[in-house]
Amino acid sequence: MKSNPRAAIGVFDSGIGGLTVVHELMMRLPNEEIVYLGDTARLPYGTKSPETVLRFLRENLAFLKRKNVKMIVVACNTASSVALPKLLEEEKIPLVGVLLPGARAAAQATRTKRVGVIGTTATIRSGAYEDALWKLEPAIKIWSRACPLFVPLVEEGWHGDEITYMTAKRYLDPMADFDADALVLGCTHYPLIRTIISRVVGDKVKLVDSAHETAAEVQRILEKSGLRSDHDRPGGITVYVTDIPYLFKEVGERFLGRPMERVERVDLEAVLVNGSGT
Ligand code: DGL
């Protein structure tokens, strides 16, 4: 059965970082409805095994499909790196991750073909960015590093803090010898500390954020499949989270760049097993 073009776009992230992708979607496709699911109760995904992330992602997609979404954006780099390829084989609904759009943007951004990639431990261990970049451009040389402390620093709201700067220096100073001209921010949270990252790596290094390119990919898919909304009024966003952490609204609004009106807590187990829970 063909989906309804007026149905919402489902967006998933392990937490609220995926709202950076939602922000880009709202700029590019202002008439689309968005249903967002942040699996805040189980964050971080970046320190978990691929098997666990795959299990979580299956449950999250099942929840979004119950909301009758027309496509799903996996706005989490960790899930896109370690679990999405498997789900692309299983799912019929159009699925877009952030990894391929990010790799494409990096391949376009580099002149010297020397690229840095940073992300969670799971993303970097998977080697998924390397594989995607080499497929696009086999001559690219890649420096990569996991930066696991960035996620809690961003969640804490320490976006401009000296501690975040010192942490970034510790992780990124070694990249100076590699002489990259582009750095992939391979985690939903990192665009929020891009000013600090740029201060450390220098302004000759272009920071590549997959959110913009992912929104462009979503638009292409909707148009190609005739699923672009024909509504002439602005779309809204419904935010579901599996837990409402302290500072959620404050940090979430910073990600989104606008106030969040509706945030609902959802019990995934109750929804998926008993059909209740929101
Ligand atoms: N959303 C994750 C990512 O983009 C970061 C947070 C986490 O570790 O769950 O990789």
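Being a predicted model, the structure only gives us computed values, none of them experimental.

K.L.:
Is there a simple way to explain the site of the ligand in this structure?
P.N.:
Around the ligand there are 14 residues in total, and Asp 13, Ser 14, Tyr 45, Gly 46 and Thr 78 lie nearest to it. For the ligand, a nitrogen atom lies 2.8 Å from a polar atom in the side chain of Asp 13. Residue Thr 188 places a main-chain N or O atom 3.0 Å away from an oxygen atom belonging to the ligand. Summarising the interface, the protein chains cover 99% of the accessible area of the ligand, which totals 300 Å² for the free molecule. Looking at the shell around the ligand residue by residue, the classes come out as six nonpolar, seven polar and one charged.

K.L.:
Would you mind showing me how to read the nonpolar core here?
P.N.:
Nonpolar side chains tend toward joint burial in soluble globular proteins. By size, the foremost hydrophobic cluster in this structure holds 55 residues, and its most contacted members are Ile 118 and Ile 197. No other element matches the five residues that helix H1 (residues 19-28) contributes to this core. Among the nonpolar cores identified, the runner-up in size contains 28 residues, and Ile 72, Cys 76, Ala 79 and Val 266 belong to it.

K.L.:
In this structure, what is going on with the sheet that holds strand E2 (residues 34-38)? I would like to understand it.
P.N.:
Sheet architecture is open: six strands sit in the order E4-E3-E1-E2-E9-E10, paired in parallel fashion. Taken across any chain shown, the strands that pair with only one partner, and hence form the sheet edges, are strand E4 (95-97) and strand E10 (263-265). This sheet shows a mean twist of 20 degrees between the axes of neighbouring strands, independent of strand direction. Note that strand E9 (residues 237-241) and E10 share three bridges and pair parallel. Looking at E10, one finds that Tyr 240 is bridged to Glu 264. Running at roughly 170 degrees to E2, H1 makes contact with strand E1 (9-13), E2, strand E3 (71-74) and E9 of the sheet.

K.L.:
What am I meant to see in the side chain of Glu 213 here?
P.N.:
Within the secondary structure, Glu 213 sits in helix H11 (residues 210-224). Judged by its relative accessible area of 16%, Glu 213 is buried. The contacts of Glu 213, once residues within four sequence positions are left out, are Pro 101, Arg 104, Ala 105 and Arg 220.

K.L.:
What is the right way to read the pattern of salt bridges from this model?
P.N.:
Note that side chains of opposite charge can pair when their charged atoms are close. Tallying each qualifying case throughout the model produces 20 salt bridges. Glu 217 serves as the salt-bridge partner of Arg 104, at 3.3 Å between the closest nitrogen and oxygen. Of this pair, Arg 104 sits in helix H5 (residues 99-109) while Glu 217 sits in helix H11, placing them 113 residues apart in sequence. The exposure class of Arg 104 is partly exposed, given its relative accessible area of 24%. The class for Glu 217 is buried, based on a relative accessible area of 18%. One salt-bridge network, in which partners are shared between bridges, spans Arg 58, Lys 86, Glu 89 and Glu 90.

K.L.:
Got a minute to help me understand the layout of surface pockets in this structure?
P.N.:
Any empty space left between atoms is shown by rolling a water-sized probe over those atoms. Its boundaries defined by the atoms lining it, the largest pocket holds a volume of some 410 Å³. Those elements that provide at least two residues to the lining of the largest pocket are helix H3 (77-82), helix H4 (84-90), E4, H5, helix H7 (128-136) and H11. Of the residues belonging to the lining of the largest pocket, the class tally is 13 nonpolar, four polar and four charged.

K.L.:
I tried to follow the sheet that holds strand E7 (residues 182-186) on my own but got confused; where do I start?
P.N.:
Strand pairing in a sheet is mediated by backbone hydrogen bonds. Such pairs are either parallel or antiparallel. Read from one edge of the open sheet, four strands run E6-E5-E7-E8, paired in parallel fashion. Across the chains shown, the open sheet's two edge strands, defined by having one partner strand only, are strand E6 (141-146) and strand E8 (206-208). Each strand of the sheet is rotated relative to its neighbour by a mean of 20 degrees, with strand direction disregarded. Two strands pair when backbone bridges link them, and strand E5 (residues 114-119) and E6 are joined in this way by six bridges, in the parallel orientation. By the bridge assignment, Val 117 is partnered in E6 with Ser 144.

Cut-offs used in this document
Residues numbered from 1 in each chain as written. Predicted model: local features only at pLDDT ≥ 70, side-chain atom pairs only at ≥ 80, totals over all residues. Heavy atoms only, no water. Near = heavy atom within 4 Å. Polar contact = N/O pair within 3.5 Å; in protein donor to acceptor, adjacent residues only side chain to side chain. Areas by Shrake-Rupley, 256 points an atom, 1.4 Å probe, with all protein chains shown as cover. Nonpolar A, V, L, I, M, F, W, Y, C, P; charged D, E, K, R; others polar. Core = buried A, V, L, I, M, F, W, Y, C linked by side-chain atoms within 4.5 Å. Buried < 20%, exposed > 50% of the residue type's maximum accessible area, 1.4 Å probe, protein only. Helix = DSSP H or I, 4+ residues; strand = E, 2+ residues; numbered from the N terminus. Pairing = 2+ DSSP bridges. Axes fitted to C-alpha atoms, helices over the stretch in contact; angles between N-to-C directions. Contact = heavy atoms within 4.5 Å. Salt bridge = Lys/Arg side-chain N within 4 Å of Asp/Glu carboxyl O. 1 Å grid on protein atoms, 1.4 Å probe; cavity = no way out; pocket = protein on both sides within 12 Å on 5 of 7 lines; lining within 4 Å. Points joined across faces, edges and corners; volume = space filled by probe spheres on them.

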